[in-house]
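Here's the letter readout for the chains.
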Amino acid sequence: MNPMQLRKKFFSALAVLAFGAALFAQSAGENETLRLTVDDAVGYALEGNLSLKQSEISLQTAKHSADLAWGAAMPSISASGSFTQSFIDPGISSVTLGGSISLALTPALYTAIRSAVLSYEQQQITYGQARKTIELNVRQLFTALLYQQEYIALLEKSVESAQRQFDSDTVKYNRGTLPQVNLLSDQVSLQQAQLNYESQKISFENNRASFKQILGIPQSTQISLEGSLNDILSAGEITMEKVNAVRQKSTEMAALEKQMETADNALLATRFSAWGPVLSVAYNINWSGNNSHTVLSPTMSVEKGDFEFGSDPSAHALSLGVSIPLDGYLPWSSGARSIAAQKSTVESLKLSMENQRTTEDINIQNYLNTIKSTQDSMKLGQSSVELAQQNLALTEAAYNHGTRSLLELQTARDNLNSAMVNVMSNASTLITAILNLESTIGVPFGTLTNQAETE
């Protein structure tokens, strides 16, 4: 084999190795698990959520309109030109050039510019609402997934415990020390535990797929949730006094207030349209000439190379005009009806704002009641778990010594599982209620729990 062939084989081998390494790296990247805390999940959602990106595009469009709103007050400029050729005498032709600048000044210019600015500010609030809603949904879904995750882990332990019980009783049955009905009961319990476990796993996978979609990450990405529902156990008492100390304006109320500003501006615009005068200013200038006589300006002309001075008043023209609408003063006119309709819109928004305040106050009290009752239930639930654990340990020992029945053992196990599930369910309910409360009072998520932990 000559050196050239050796070189080709060497480089071919390098290419194969490089390709294999690239495939391995890609496969490793796909199989790598993305570990997420709740704050990590929020960050991914705010960065990759598609609906939020659409809201951002609308925000940029409104900003562009607001930045150029002053253009409504700019004058209008136009230019014109014409060329004429005589068919009777080909030696005769003429050229006309003209230009004009005009401006209409009306009080509605202010409301038009103000409307664009208010529209952008409204879009900013809408975008903020979208971000707040996304974050709330992500935190609540994260909590729900944590609950399912821990519930599945509990079910898995139940399956293992039922399997151990079935295996142990199978040995006793084979020895002839246990009736068959007990073994059949063990088998039924094991199958029910397995079915429940598999059903919850499928539900968890479906919810996790929806969670990935909200976060804007590929469905092929493997994720692992970092956190525990037990973290909420350290949250202290949350009272109305603590809520009032940190309460801010909610995004819903801010949106209504901005709608009120927009409605007031629209009412002012309607009044300007019905009553406001319009001042128009226009300036026109024209140049015209032909092959024998060319007029360069109103006072200068050229004929056969010689300048002649004259006047042409129509070449420059400045016009001023004022128009004042009068039909707005008539109660049956369209302008008056528009003003009345816009006033009704303003009054309706005032009622909506009042209703929003009342609704928020009611919701705050409801969330506080839920938090209080849930925290009380969790305290009792934790005590129930400790008692159920002790009872199960004693019942298992007694069953192994033949002083307790299989039914009593299964009941003790079911009681422990029920107590643990109840604590986890209450923890999930408590987290959700606190999140809803923080969203209602317009504070960053985590404010109330951090406040309780520092006291």
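Everything numeric in this text was worked out from a predicted model, so none of it was measured.

Reading guide: rules and limits
Residues numbered from 1 in each chain as written. Predicted model: local features only at pLDDT ≥ 70, side-chain atom pairs only at ≥ 80, totals over all residues. Heavy atoms only, no water. Salt bridge = Lys/Arg side-chain N within 4 Å of Asp/Glu carboxyl O. Helix = DSSP H or I, 4+ residues; strand = E, 2+ residues; numbered from the N terminus. pLDDT = per-residue confidence, 0-100. Contact = heavy atoms within 4.5 Å. Core = buried A, V, L, I, M, F, W, Y, C linked by side-chain atoms within 4.5 Å. Buried < 20%, exposed > 50% of the residue type's maximum accessible area, 1.4 Å probe, protein only. Pairing = 2+ DSSP bridges. Axes fitted to C-alpha atoms, helices over the stretch in contact; angles between N-to-C directions. Parallel < 35°, antiparallel > 145°, perpendicular 65-115°, else oblique. Left-handed = near helix turned anticlockwise from the far one by under 90°. Phe/Tyr/Trp six-rings, centres within 6.5 Å; stacked < 30°, edge-to-face > 60°. Patch = residues over 30% accessible without salt bridge, like charges linked within 9 Å, V, L, I, M, F, W, Y side chains within 5 Å. Areas by Shrake-Rupley, 256 points an atom, 1.4 Å probe, with all protein chains shown as cover. Lys, Arg positive; Asp, Glu negative; His and termini not counted. Expected span 1.5 Å × (residues − 1). Polar contact = N/O pair within 3.5 Å; in protein donor to acceptor, adjacent residues only side chain to side chain. Arc of directions from axis to C-beta.

## Some words on the pattern of salt bridges
- Counted according to the given criterion, the structure contains 13 salt bridges.
- For Arg35, the salt bridge identified is with Glu226, shortest N-O distance 3.1 Å. Linking Arg35 in strand 1 (residues 33-36) with Glu226 in the loop between strand 4 (222-225) and helix 6 (240-246), this pair joins segments that are 191 residues apart in sequence.
- Here Lys249 and Glu257 are joined by a salt bridge, their closest N and O atoms 2.7 Å apart.

## Some words on the confidence of the model for the protein
- Across the protein, the average pLDDT comes to 79, with 82% of residues at or above 70.
- This model gives residues 6-11 a pLDDT under 50, and the stretch forms two contacts once residues within four places in sequence are excluded.
- Scored below 50 in pLDDT, residues 13-30 makes one contact in the model with residues more than four places away or belonging to other chains.

## Examining the nonpolar core
- Ranked by internal contacts, the top residues of the largest apolar core, which has 51 residues, are Val138, Phe211, Leu215, Ile232, Ile238 and Leu437.
- Counting residues per element, the ones that place at least two in this core are helix 2 (38-48), helix 4 (108-175), helix 5 (180-215), strand 4, helix 8 (334-400) and helix 9 (406-440).
- Per element, the largest residue contribution to this core is 14 residues, and it comes from helix 4.
- Look past the residues within four positions of Leu215 in its chain and what remains in contact with it is Leu36, Ala41, Tyr44, Ala45, Gly48, Asn49 and Val138.

## Looking at the pairing of strand 4
- Of the two faces of strand 4, the one lined by Ile223 and Leu225 is fully buried and the one lined by Gln222 and Ser224 carries no buried residue.
- Pairing between strand 1 and strand 4: four bridges, direction parallel. Within the sheet, the bridge partner assigned to Leu34 lies in strand 4 and is Ile223.

## A short note on the environment of Ser428
- Assignment of secondary structure puts Ser428 in helix 9.
- Those residues within four positions of Ser428 in sequence are excluded, and the remaining contacts are Thr143 and Tyr147.

## Here's the deal with the packing of helix 4 against helix 7 (residues 251-275)
- With their axes 9 Å apart at the nearest point, helix 4 and helix 7 run at an angle of 165 degrees to one another. Here helix 7 runs roughly antiparallel to helix 4, going by the angle between their axes. With respect to the hand of their crossing, helix 4 and helix 7 are arranged in left-handed fashion. Residues Ala108, Tyr110, Thr111, Arg114, Ser115, Leu118, Glu121, Gln122, Ile125 and Gln129 of helix 4 form the contact with helix 7, whose own contacting residues are Thr251, Glu252, Ala254, Ala255, Lys258, Gln259, Glu261, Thr262, Asn265, Leu268, Ala269 and Phe272.

## Quick word on the packing of aromatic side chains
- Inspection of every chain in the model, using the stated rule, returns two aromatic pairs.
- Residues Tyr147 and Tyr151 carry aromatic rings whose centres are separated by 6.0 Å and whose planes lie at 10 degrees to one another, so their mutual orientation is stacked. Here the residue Tyr147 and the residue Tyr151 both occupy positions in helix 4, the gap between them amounting to four residues, near one helical turn.

## A closer look at a nonpolar patch on the surface
- On the surface, Leu105, Trp275, Leu279, Val322, Ile324, Leu326 and Tyr329 cluster together to form a nonpolar patch covering roughly 700 Å² of accessible area.
- Relative to the assigned elements, Trp275 resides in helix 7.
- Given a relative accessible area of 33%, Trp275 falls into the partly exposed group.

## What about the side chain of Lys132?
- Structurally, the position occupied by Lys132 is in helix 4.
- Despite its burial, Lys132 remains without a salt bridge, the nearest opposite charge being carried by Glu135 at 6.0 Å.
- Ignoring any residue separated from it by four or fewer positions in sequence, one finds Lys132 in contact with Ser439, Gly442, Val443, Pro444 and Phe445.

## Observations regarding helix 9
- A rise of 1.5 Å per residue sets the reference length of helix 9, with its 35 residues, at 51 Å; its end C-alpha atoms lie 51 Å apart and thus fit the reference within 8%.
- Note on helix 9: the residue one or two positions beyond its end, Gly442, has a positive phi of about 70 degrees.

## A look at the environment of Arg164
- Following the sequence through the fold, Arg164 ends up in helix 4.
- As for Arg164 and Asp186, which are separated by 22 residues in sequence, their C-alpha atoms are 9.8 Å apart.

## With respect to the environment of Thr449
- Within the secondary structure, Thr449 sits in helix 10 (residues 447-454).
- Looking at Thr449, the relative accessible area reads 16%, which means it is buried.
- Each C-alpha atom of the pair Thr449 and Glu237 lies 9.2 Å from the other, and the pair is 212 residues apart in sequence.
- Thr449 has contacts with Ile232, Ala235, Ile434 and Glu438, leaving out every residue within four places of it along the chain.
- A distance of 3.1 Å separates the side chain of Thr449 from the backbone oxygen of Gly446, its partner in a polar contact.

## Looking at helix 2
- The set of residues buried in helix 2 consists of Ala41, Val42, Ala45 and Gly48. Looking straight down helix 2, one finds that the buried residues subtend no more than 155 degrees of arc, so they occupy a single side.
- Close packing links the buried residues of helix 2 with strand 1, helix 3 (50-67), helix 4 and helix 5.

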